[in-house]
Each structure stands twice: as structure tokens, then as C-alpha cells.
Amino acid sequence: MIWDGAIWNEYSVGLAVAFTCALIGFAALTIERDDLHKLLLIDLVETASLAVIALVGTDLAEALILPGLVVGIAELLALSQIYLTKEGYQHNPVKRLNIEVMMISPAPVIISTILVVYGIILSGFTGGGIAGLGIVFFLMSRSFTGDFHVLEIASGVSWALWVASFFVFMFFPEWWYLALMGSAIGILLKVITKMSLVGAMWGEPE
Amino acid sequence: MNEIGGTPLFFLEFGDIVVYFTPFTLTLFILALIFTVFVLVSRPERQIDIAFGGDAFYDKVISLSELRFRRFMSIACGLACMGAMVTGDVFDFTLFVSLVGICNVGIVAAVKSRHVQNAAYQYGLVALAGTVPLFSAAAMVAATTGTLSMLELAKNAVEIPLAARALLVLGVMGEGMAPFYAAKAEMFRAPGAPYVIMCSLSSLLIFLRVAEVILLL
Amino acid sequence: MIIQKISRVLSNFDNILPVFAAACAVMSVITLLFLPFVYSEDQLYPKKIVAGSTLNPYDRGGPPFVQAEIVSQYPENSPSAGFVTAYLTPFSLFLSKQTLYMGTTIVAHPGGILDEILYNTRGLDTVVEPSILFVAFAIAAYIFRREEHR
């Protein structure tokens, strides 16, 4: 009998809840016909899979959630861009925060600088998020006329830095400190550039 | 351990994730490698529409940037395939499989036709939905056995729930759905050999590999 | 014929997601029927809460630059595992002495158990993960720019 030795422990109760959520989400996906709603529903179902990972309940689970989350977000971004082209939405320029004070006063510069500096102090993933937010805020308040090329190069460099650190960890374990700092700076740069790219895509200068 | 794909020939240790080569996985790895090299060196086909009843024909032009982008995606897909063939960790395997899925979306989505874009979008949705059973399966393996390493799991110390295996297969099916689309005329109408073939080959390879993983667990 | 019917449904790619979602829904029901599962007690990287520690959910012990004990799959493959876990940046060391809530932000700093797992013992996962992010951004950026130049 398959039930042998199994009891209704906390883990199984959690799984029951998570898979009930997934079931509801998938049932909704089965009958949904609108393309945009399908995308949103899938994003909802992803949450159930993160719950299943979290139910492992160890430090390993926390480390596995991060890749799981990133994969979902990355595919969501690519798919929403495909959706825009597929539906033939011409880009209708999103207006900047068209407040006169913001356009000329140094306030956005100061706020963004504070955010970026604080992000760099924090470093790592969260630091990248905060510093990236600062740059997005700056791009929103000013017209951005530069090209993405610099951002893309920075993104590539940070990726290479990260992979290099990985190899240091694997083959020269005694230099772990160098590898740790390399990874931390790599992820910082990566998150900053990715967020700035999203900020730059969001609207175009008039 | 039970040896489905033969005795491991050699191991590559990356911390907790051990990459191992058995005769089976090595064969698949070399296949993926050869095809990636083909993609790297080959020139894409050029399609010609012939107007019936006359001597006229139209040459379909592919822009250089599109060509470069699709080649980049195909190479990324080949590398992801090679990783998925030899990795010895369940969660790492699911990550490589999702990378294959997103690369396939990229190969198709670069084509500048509304119809193909729609197909790419629908396929992308399936690939995204496929990550749910994939990651759930890996997490359930970790929770019920306390390990993710295939080498440890192959010792058959703890029984893995049947549901976890079934979810893993379902997830791989979602990610490897591309050839069922690629078989459609709409997709081949887009000029794209050998890049579209990469979709088919990659999903064939991940299906073969997941069969081994399921038998091993 | 039934096969003809199935083939007709599947040949329209608007139907493929509903079919796959239905399969997933059925699979969720099957999983629910197979419950309960045995939860294995000997897990890797177990979580233990050290009561009273300022680094609370993430305190895995040890002063910086002293190797901490961690339960990894193949300890012999990562001889330096444990150093990153115990490491605190000077800034976080300062914070941990000032406040009781350092542990809730420690994930933001280099060092700690999560960085140990993500960069060191399971580093290959983390290499694949930004590659997925990179490919997805490449697709989005390519399509976005093509639309721009039209």
C-alpha cells in the first residue's frame, strides 16, 4: 500500500495546499481564451511552484527559490515583449514624469545618487535592485538619449565576472574571498544594468 | 548503483553538482556538440518564391541582424542541450531544460511574421507553464529523499513518489513542445534551416535524457 | 476518427496551452491523491535558529575567517565551504553589533549561507540562471530594437 509509513505531516499538508492552488490556476488556464490573461494566470501559477520549493524548508530551499523566481521573471519579460509585437502595438511614447521641477532641479540627481551609493554599499542582489531603482528613477525624470550599448556591455562584463568567480571557487578554493567579491560585484552590476534597461525600454524621449 | 546508461566513464566535480559522463550521456553530448558546430559554421538556406506561369521569382531576404540573432540563439540552445545531457543534479537539469525552452522561443520569435510570432507566443506560454511541474518535481525529490544528486538517488536508498517523476516528465514535455509546432507549415514557411532543426534536435535530446533520469531515480 | 479529431485540435496552436494546462491540472489532482509523502529528516543545509542571535534566521556560526560547519552533499569537492558562510563585511559586522535585526538583511551582503550555496557549492545552478536571464533579455531587447528601427 502506498500509504505505508506516511503520515499527514506538515510537509504533506503544505503540499496539499500548494497543489490545490496550482490546480485552481491550471483549471483557469484551461478555459481562458484571452492571450494577456493567459500570461497573467501563468505568473500566478508560478507562485504555487515557488511554494512547493519553499516547503523543503531548509537553507537549500531558499537558495533554490532564487533561480526559480528569476526564470519566471525572465521568461515573463521576453513573452510580454513578444506579445506587444504580435498584437502590433506601436510604441506609444509613455510620458516622462512631466513635472517641471523634476526636469530642471537637481533633486532627482541627488535622490538617484543616494540610492546608487546605498545600493553599492549593500552590494549583492538587493543592492543591485536598489541601485537600479535609482537609475530607473533618474531615467524617468530626465530624457534619456544615450544608447543601450554601454548598458549591454556592462551586463556582459558582469556575467563574465560571475562565471570567472565560479571557476575560482571550483578550482582555487583557497582564493574564496576573491571569488566571493567577484560574484558580489558581478551580481550588483548585472541587476543594475538589467533594471536600467527595463527603465530605458519603458519610455522614449519625445 | 543501477547503471541505466552504463558505468560512468569520468566525473567533473563542481561542488555539490557532479557532472558525469556515461556511454549514454556521452553519446548525446557529442551529438549536441556536433550539431552546435554545424550551426556555427553553416550558412542558412535562402528561400525563393517562384511565380507560376512566368520566369519571375522573388528572393526572400533575411536581414543580417536577424540571422545573427537566430544563430546566437541556436548556439545557446546547443550549449544548454550539452549541459542538460551530462549534468548529475536534478535541479540543475531542470534549469538547463528551461534554458533550452527559452532558447527555442527565441529562435522562433526572431522571425518577422505575425503568424509565426503568435506561434512563438503560444509556445512560450507553454514553456513558462512547464517550469511549474519541473521545479515542483525537483523540490519534491529534495524533500522526500534529502538529496538532489542523481548519483546518490541512483543508490535507491529512499523511494521517490511516483508523482514527482510524472511531474518531471510533464515539465520536460512542456519545455520540449517546439517540434510539434515546428512540424507545422507556418513555422517552416519562415526561412530558417538549420536553426529550426535545432529546436527539434534539442527537444529530442532532452526527451532521451529525461527517460534516463526517470529510470535512474 | 478519434485520432483525426485530436490532431485537428492540436494543430491549432491556440489550443496547445489549454491542453497542456489541462494535463497539469490532472497531474495536480494525481499528486493530491498520492499524498501524504514521507519527509526525509536528513536534509542538506538544514535550517537551525540560534535563539538570541542578532543574525537570526541566517546565523550559521563562527567568527569571520574561521570555517563554519555546513552540511553539503560532497564536502570533499568544496574544501573551502564554510568560509563564506561565516564571513561578514565590516559594515554588516558593525550593524550586527548595533541592532537585533541584522539577520533579516544579511542576504543583501556578500557572505552568509545563501551566498555559500549560490556561488560555491551549487555554483553551476547560478551560472545557468543568469544565462536564462541573459537569453530572455536578449530576445526582449532584439524585438524591442527591431520595432524601434522600423
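Higher on the page you've got the structure.
Described in the following lines is the structure provided in the data block. The numbering scheme is per chain: residues are counted from 1 as the chain's sequence reads. Here chains are named by letter from A upward and ligands by number from 1 upward, in the order in which they appear as written. Thresholds applied to this predicted model are a pLDDT of at least 70 for local features of residues and 80 or more for the giving and counting of side-chain atom pairs; totals over whole chains, interfaces and linings are not thresholded and use all residues. Derived side-chain values reflect all non-hydrogen atoms in the structure, with water molecules and hydrogen atoms excluded from consideration.

1. Things to note about helix α3 (residues 59-86) of chain A
Reasoning step 1: Between its first and last C-alpha atoms α3(A) spans 41 Å; for 28 residues at 1.5 Å apiece the expected length is 40 Å, and the two agree.
Reasoning step 2: A helix here means a DSSP run of H or I that spans at least four residues, while a strand means a run of E at least two residues long, and both kinds are numbered starting from the N terminus. Just downstream of α3(A), A:G88 is the residue with a positive phi angle, here 70 degrees. Multiply 1.5 Å by the residue count of a helix minus one, and that product is the helix's expected span.

2. Notes on the interface of chain A and chain B
Reasoning step 1: Opposite the 33 residues of chain A that make contact, chain B presents 28 residues.
Reasoning step 2: Buried surface area refers to the total accessible area, computed with a probe of radius 1.4 Å, that the two partners give up upon joining, counted for both partners together. Interface of chain A and chain B: buried area, both sides summed, is about 2700 Å²; carbon and sulfur atoms make up 78% of it.
Reasoning step 3: Take a side-chain nitrogen of Lys or Arg and a carboxyl oxygen of Asp or Glu: if they are within 4 Å of each other, that pair is a salt bridge. Linking chain A to chain B there are zero salt bridges.
Reasoning step 4: The term polar contact refers here to a pair of N or O atoms within 3.5 Å; inside protein, the definition further demands a hydrogen-donor-capable atom paired with an acceptor-capable atom, and it admits residues adjacent in sequence only when both atoms are side-chain atoms. On inspection of chain A and its partner chain B, the count reaches five residue pairs in polar contact (both at pLDDT 80 or more).
Reasoning step 5: Going through the elements one at a time, α1 (10-31), α2 (35-54), α3 and α7 (149-171) of chain A are the ones with two or more residues in the side of chain A that touches chain B.
Reasoning step 6: Element by element, the count of residues in the side of chain A that touches chain B is highest for α3(A), at 14 residues. Any two residues having at least one pair of non-hydrogen atoms within 4.5 Å are treated as being in contact.

3. Looking at the interface of chain C and chain A
Reasoning step 1: With 67 residues of chain C at the contact, the number on the chain A side is 72 residues.
Reasoning step 2: Together chain C and chain A conceal approximately 6500 Å² of surface at their shared face, both sides included; 72% is due to carbon and sulfur atoms.
Reasoning step 3: Area buried by chain C at its contact with chain A is led by C:Y119, C:F137 and C:F144, which between them contribute 11% of it.
Reasoning step 4: At the boundary of chain C with chain A, the tally comes to two salt bridges.

4. Observations concerning the pattern of salt bridges
Reasoning step 1: Summed over the entire model, instances satisfying the criterion amount to nine salt bridges over all chains.
Reasoning step 2: Note that A:K86 is salt-bridged to A:D35, the shortest N-O span being 2.6 Å. Placement of the pair is A:K86 in helix α3 and A:D35 in helix α2, with a sequence separation of 51 residues. With respect to burial, A:K86 and A:D35 carry one shared label: buried.
Reasoning step 3: Taking the shortest distance from any N to any O, the salt bridge between B:R209 and B:E212 comes out at 2.4 Å. Taken as a pair, B:R209 and B:E212 lie in helix α9 (residues 195-216) at a separation of three residues, close to a single helical turn. There is no split in this pair, since B:R209 and B:E212 are both buried.
Reasoning step 4: Ionic contacts of the salt-bridge type, sharing partners, join the residues A:D35, A:K38, A:K86 and A:E87 into one network. Think of it in three bands: residues with accessible area under 20% of the maximum for their type are buried, residues over 50% are exposed, and the middle band is partly exposed, with areas taken using a 1.4 Å probe on protein chains only.

5. Quick look at the layout of surface pockets
Reasoning step 1: The method works on a 1 Å grid over the protein atoms by themselves. A cavity is a set of points holding a 1.4 Å probe that cannot get out, a pocket is an open set with protein on both sides within 12 Å along at least five of seven lines, and residues with an atom within 4 Å of a point line them. Grid points are joined across faces, edges and corners, and a volume is the space filled by probe spheres set on the points. In this structure, the second largest pocket encloses a volume near 700 Å³.
Reasoning step 2: Taken together, the elements giving at least two residues each to the lining of the second largest pocket come down to α7 of chain A, β1 (10-14), β2 (17-21), α2 (64-86) and α3 (90-109) of chain B together with α6 (123-148) of chain C.
Reasoning step 3: Looking at the lining of the second largest pocket element by element, the count peaks at eight residues for α2(B).
Reasoning step 4: Classifying every residue of the lining of the second largest pocket gives 23 nonpolar, two polar and no charged. Three categories are distinguished: nonpolar for Ala, Val, Leu, Ile, Met, Phe, Trp, Tyr, Cys and Pro, charged for Asp, Glu, Lys and Arg, and polar for the others, with Gly belonging to the last.

6. Here's the deal with the packing of α3(A) against helix α5 (residues 113-121) of chain C
Reasoning step 1: In the contact formed by α3(A) and α5(C), the axes pass within 9 Å of each other and the chain directions differ by 60 degrees. Here α3(A) is positioned oblique relative to α5(C), judged by the angle of their axes. Note on packing geometry: the crossing formed by α3(A) with α5(C) is right-handed. Along the contact surface, α3(A) presents A:D59, A:L60, A:E62, A:A63 and A:L66, while α5(C) presents C:I113, C:L114, C:I117 and C:L118. Note on method: axes are straight lines fitted to C-alpha atoms, helices fitted across the in-contact stretch only, with angles between N-to-C directions ranging 0 to 180 degrees. An angle below 35 degrees is read as roughly parallel, one above 145 as roughly antiparallel, one from 65 to 115 as roughly perpendicular, and any other as oblique. Two helices crossing with the near one rotated counterclockwise from the far one by less than a right angle form a left-handed crossing, whereas a clockwise rotation gives a right-handed crossing.

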